[in-house]
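# Report on the structure
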Amino acid sequence: GDKVKQSPSALSLQEGTNSALRCNFSIAATTVQWFLQNPRGSLMNLFYLVPGTKENGRLKSAFDSKESYSTLHIRDAQLEDSGTYFCAAEEGQGGRALIFGTGTTVSVSP
Amino acid sequence: NAGVIQTPRHKVTGKGQEATLWCEPISGHSAVFWYRQTIVQGLEFLTYFRNQAPIDDSGMPKERFSAQMPNQSHSTLKIQSTQPQDSAVYLCASSLDNSGNTLYFGEGSRLIVV
């Protein structure tokens, strides 16, 4: 089954607008990471989260381990924000490999 | 810091041939991971090493796939008797250690089996 479920699967944004992506976990996620995969295929790390929030420029992310979800907010979307966003969760303690969601493909248009 | 380096970037191989993919982690990183990405299955975990020792290979197909890390500066993923369903982008990633650290990915090796 889907241990890490991302929504929506695709998103079209106009430049300058705001939006939110979400991940729901059916596992006991202890840490979450968000990545952006650009059209060339490179995966860039955006955030590493323990329960709480982080902000970096126009991006803000939150992870609530009790309610088993994480969000990524994009503010004032720019063309370079286009790509596929993945969340990934570490299950439990003890250093397990990340489990990835299926991704949200974001297209920002002028 | 050159990031995680993967070679080759692209490989086309005939069905039944062997394919070997290489990964050089970021210097100083002790955890190395292999993932596979396809349109249908998404990003699937294959295996990982910590301090060169294999820790978890639960995602590796039991036959034909093997991974090694002979030294701290490189890891290999070998696929014997390749099949068309092995076609995918194989991604290597490293982190300082595996517990609570940011994961950095290479650009991937795209394998096409014809």
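Just above, that's the structure.
So, a few notes on the structure that sits alongside this text. Every value quoted in this text rests on a predicted model; they were computed, and no experiment measured them. (Residues numbered from 1 in each chain as written. Chains lettered and ligands numbered in written order. Predicted model: local features only at pLDDT ≥ 70, side-chain atom pairs only at ≥ 80, totals over all residues. Heavy atoms only, no water.)

Below, the discussion takes up the nonpolar core. Proteins that are soluble and globular tend to have nonpolar side chains buried together. Ranked by internal contacts, the top residues of the largest apolar core, which has 24 residues, are A:L21, A:F25, A:W34, A:L46, A:L72 and A:Y85. Those elements that provide at least two residues to this core are β2 (10-14), β3 (19-25), β4 (29-37), β5 (43-49), β7 (59-64), β8 (69-74), β9 (83-91) and β11 (104-109) of chain A. Ranked by residues supplied to this core, first place goes to β4(A) with 4 residues. With residues up to four places along the chain from it excluded, the contact list for A:F25 reads A:K3, A:V4, A:V32, A:F63, A:S68, A:Y69, A:S70, A:C87 and A:A89. The next biggest cluster of nonpolar side chains, apart from the first, holds 19 residues, and it includes B:L21, B:F49, B:C92 and B:V113. (Core = buried A, V, L, I, M, F, W, Y, C linked by side-chain atoms within 4.5 Å. Buried < 20%, exposed > 50% of the residue type's maximum accessible area, 1.4 Å probe, protein only. Helix = DSSP H or I, 4+ residues; strand = E, 2+ residues; numbered from the N terminus. Contact = heavy atoms within 4.5 Å.)

As a further point, take the pattern of salt bridges. Pairs can form between side chains of opposite charge once their charged atoms are near each other. All names here are of chain B. In this structure the tally under the stated criterion is 5 salt bridges over all chains. Its salt-bridge partner being E107, residue R9 comes within 2.9 Å of it at the nearest N-O pair. Linking R9 in the loop between β1 (5-7) and β2 (10-13) with E107 in the loop between β10 (104-105) and β11 (109-113), this pair joins segments that are 98 residues apart in sequence. Owing to a relative accessible area of 31%, E107 belongs among the partly exposed residues under this scheme. Residue E44 pairs with R36 through a salt bridge whose shortest N-O separation is 3.3 Å. Note on E44: relative accessible area 22%, which makes it partly exposed. (Salt bridge = Lys/Arg side-chain N within 4 Å of Asp/Glu carboxyl O.)

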